[in-house]
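Spelled out from the first residue to the last, the chains are:
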Amino acid sequence: PQNVHLSPRLGWIDDLDMLGSALSGQLKAIHSRRPSGGEQFFVSQTPGVGNPVFNQEPGYRNQQPPDVGFRILALIRYWNVIEYWFPYRDQIEGDWYKTLREFIPRLVAADTWGAYRLELLALIARIQDSHATLQPVLDVKPPVGDCSWPIVVRFIEGRPTVTALKVETPEKDFFAIGDIIATVDGEPIRSLIRKWSPYYSASNETVRLRDIARSLPRGECGVSMVTVKRLNDEKTLKVARVANPDPMQFTHDRPGETFQILSAGVGYLKLSSIRIQDLDGYFERASDTRGLIIDIRNYPSEFVVFALGSRLVREPTPFVRFTIGDLGNPGAFSWTQPIALQPGGSDYKGVVVILVDEVSISQAEYTAMALRAGPRAVVVGSTTAGADGNLSTFALPG
């Protein structure tokens, strides 16, 4: 294909030692006679987007747990989807072929419903993609339990820190905002993180810790002993996990209205509640400001890439290129043409500061990618989730 980004890795079909001459010859014949057009039976592509659609793979949903043949099928199916349809396969650490060998005995041994799904989580995590997951698995993904401490935890400077309480009047023997969790029921938090990390798929360590922090309060119902570091002291708390605590808020933006005027003529716009129909009003209020903060430490409530980005550029400004898989050459990816912001609406004259952090994921990252292309824009914050791109779903047995 033209503008190739990745080529298929097909040298294995010539390996006579592994396959023998008959099977190798059959595979080469199949490959040479593959359809050359833009269609095939097993995989299609989302119209207008291009990510793969796997609508011919049976789910075998009555297999819970699947027998050993279906468990091996799950491994082979997932491995091949990644090998031939994952545009970041060149970013996977380690040898993807060795991963296949490693997980064959692991899936053979996983003969319970829980063990099977736990091994699939470990397999999925190997591609290091914050978008990759298995659903639903809360009953097997560690820490396991139906209850939770009514708190919010976030890793700050690498330490699991209590950032919010979900109780109005906490008991005396309870967490305080700023507590750093050191041990849970006698086990150091670092030990727990090492045990849990292989089951969390993440593009970077920052987002792995983000997800572990969200799960950390979960566990078996009842009382647990927790050691925390509070200011210069260490305290042991006897804290009960409760069923169905209030849902967590996973945004770090500023409370209040979508658009605000801060001190010294600085405008503030958060995307968690933004509406395209209100953009004219936002920018009219921002017209006299010398700077505009666009807060994307959240997930945009509406897709505003072009409607908002057009107000930050004075000329057509490319900001992204996509790759697309080749239905006639599974494993090949080619670059498409760049996509650009087009100027339109009011041209904001001030400095633009874009705020991001570990909760900025997917569409939020795509939006940041677009807005930073403005000539007066700068991105400020910390590592994002590293999961920009479109989702493709497919069934695994069970």
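Residue numbers run consecutively from 1 along every chain, following the written order of its sequence. Totals for whole chains, interfaces and linings use all residues, but because this is a predicted model, local features are given only for residues with pLDDT of at least 70 and pairs of side-chain atoms are given and counted only at 80 or more. Hydrogens and water molecules were not included; the side-chain quantities draw on all heavy atoms of the structure.

## So, the nonpolar core
Nonpolar side chains in soluble globular proteins generally cluster together in the buried interior.
Then step 1. Residues Tyr 78, Trp 96, Leu 120 and Ile 127 are the most contacted members of the largest nonpolar core, which totals 24 residues.
Then step 2. For this core, the secondary-structure elements that each account for two or more residues are helix H2 (68-85), helix H3 (96-109) and helix H4 (113-125).
Then step 3. Take this core: its biggest share by element is six residues, from H4.
Then step 4. Among buried residues, the Ala, Val, Leu, Ile, Met, Phe, Trp, Tyr and Cys ones that are joined through side-chain atoms within 4.5 Å form a nonpolar core. Only protein chains enter the accessibility calculation, which uses a 1.4 Å probe. A residue is then buried if its area is under 20% of the maximum for its type, exposed if over 50%, and partly exposed in between. Ranked by size, the runner-up nonpolar core spans 22 residues in total, among them Phe 174, Phe 175, Ile 181 and Ile 212. The numbering of helices and of strands both runs from the N terminus, where a helix is a DSSP run of H or I of at least 4 residues and a strand a run of E of at least 2.

## A closer look at the packing of aromatic side chains
Then step 1. Pairs were defined over the aromatic rings of Phe, Tyr and Trp, the Trp ring being its six-membered one, requiring ring centres within 6.5 Å. Orientation was assigned from the angle between planes: stacked under 30 degrees, edge-to-face over 60, tilted for the rest. What the rule picks out here adds up to 18 aromatic pairs.
Then step 2. By way of ring pairs, the aromatic residues Phe 54, Tyr 78, Trp 79, Trp 96, Tyr 97 and Phe 394 are connected into one cluster.
Then step 3. The ring of Tyr 200 has Lys 141 sitting right over it, with the charged end atom 4.3 Å from the ring centre. Only Lys NZ and Arg CZ are tested; either one counts as a charge over a ring when it is within 6 Å of the ring centre and within 35 degrees of the ring normal.

## Observations concerning the packing of H2 against H4
Then step 1. In this analysis, axes come from line fits to C-alpha atoms, helices being fitted only over the stretch in contact, and the angle between any two N-to-C directions falls in the range 0 to 180 degrees. Two elements in contact, H2 and H4, have axes whose closest approach is 11 Å; the angle formed by their N-to-C orientations is 15 degrees. Relative to H4, the element H2 is oriented roughly parallel. In this structure, H2 crosses over H4, and the sense of that crossing is right-handed. Touching Arg 71, Ala 74, Leu 75 and Tyr 78 of H2 are Tyr 116, Leu 120, Leu 123 and Ile 124, all from H4. Small angles under 35 degrees read as roughly parallel and large ones over 145 as roughly antiparallel, with 65 to 115 read as roughly perpendicular and the rest as oblique. Handedness of a crossing follows from how the near helix is turned relative to the far one, being left-handed for an anticlockwise turn of less than a right angle and right-handed for a clockwise one. Contact definition: two residues touch when any of their heavy atoms are within 4.5 Å.

## Comments concerning unusual backbone geometry
Then step 1. In the segment running from Gln 64 into Pro 65, the intervening peptide bond is cis, with an omega of 0 degrees.
Then step 2. Mapped onto the secondary structure, Pro 65 falls in the loop between strand S3 (52-53) and H2.
Then step 3. Residue Pro 136 is reached from Gln 135 by a cis peptide bond, and omega for that bond is -15 degrees.
Then step 4. Of note, Ala 264 is a non-glycine position whose phi angle comes to about 60 degrees, a positive value.
Then step 5. Mapping Ala 264 onto the fold places it in the loop between strand S12 (259-262) and strand S13 (266-270).
Then step 6. For Ala 264, a relative accessible area of 52% puts it in the exposed group.

## Brief notes about the state of the cysteines
Then step 1. A pair of sulfur atoms, both from cysteines and within 2.5 Å, is called a disulfide here. Within this structure, the stated rule accounts for one disulfide.
Then step 2. Paired through a disulfide, Cys 147 and Cys 221 show a sulfur-sulfur distance of 1.8 Å. In this structure the cystine formed by Cys 147 and Cys 221 twists about its S-S bond by roughly 75 degrees; its chirality is therefore right-handed. With a gap of 74 residues between them, Cys 147 in strand S4 (residues 147-148) and Cys 221 in the loop between strand S9 (218-219) and strand S10 (222-230) connect regions that are remote in the sequence.
Then step 3. Residue classification places Cys 147 among the buried residues on the basis of a relative accessible area of 4%.
Then step 4. Cys 221 sits in the partly exposed class, given a relative accessible area of 48%.

## Overview of the pairing of S10
Then step 1. Each pair of strands is called paired provided DSSP finds at least two bridges between the two strands. Where strand S7 (residues 180-184) lies against S10, four bridges are found, and the strand directions are antiparallel. Among the inter-strand pairings, Thr 183 is bridged to a residue of S10, identified as Thr 227.
Then step 2. Across nine bridges, the pairing between S10 and strand S11 (residues 233-243) is antiparallel. Counterpart to Ser 224 in the pairing with S11 is Val 239.
Then step 3. If you look at the hairpin formed by S10 and S11, you'll find two residues sitting between the two strands, and Leu 231 has a positive phi there, around 55 degrees.

## A word on the sheet that holds S13
Then step 1. Read across the sheet, five strands follow the order S12-S13-S14-S19-S20 without closing on themselves; strand pairing throughout is mixed. Here the strands that pair on one side only, and so sit at the sheet edges, are S12 and strand S20 (377-381). Pairs of neighbouring strands in the sheet enclose a mean axial angle of 25 degrees, with direction left out of account.
Then step 2. Relative to S13, S12 runs antiparallel, the two being bridged by four bridges. Bridge pairing in S13 links Leu 262 to Val 266.
Then step 3. Packing against the sheet, helix H7 (residues 279-286) makes contact with S12, S13 and strand S14 (291-295), and its axis sits at approximately 5 degrees to S12.

## So, H4
Then step 1. If you check H4, its first and last C-alpha atoms are 19 Å apart, about what 13 residues at 1.5 Å a residue would give, namely 18 Å.
Then step 2. Of all the residues in H4, the buried ones are Tyr 116, Arg 117, Glu 119, Leu 120, Leu 121, Ala 122, Leu 123, Ile 124 and Ala 125. Between the first and last residue of a helix there are one fewer steps than residues, each counted as 1.5 Å, and that sum is the expected span.

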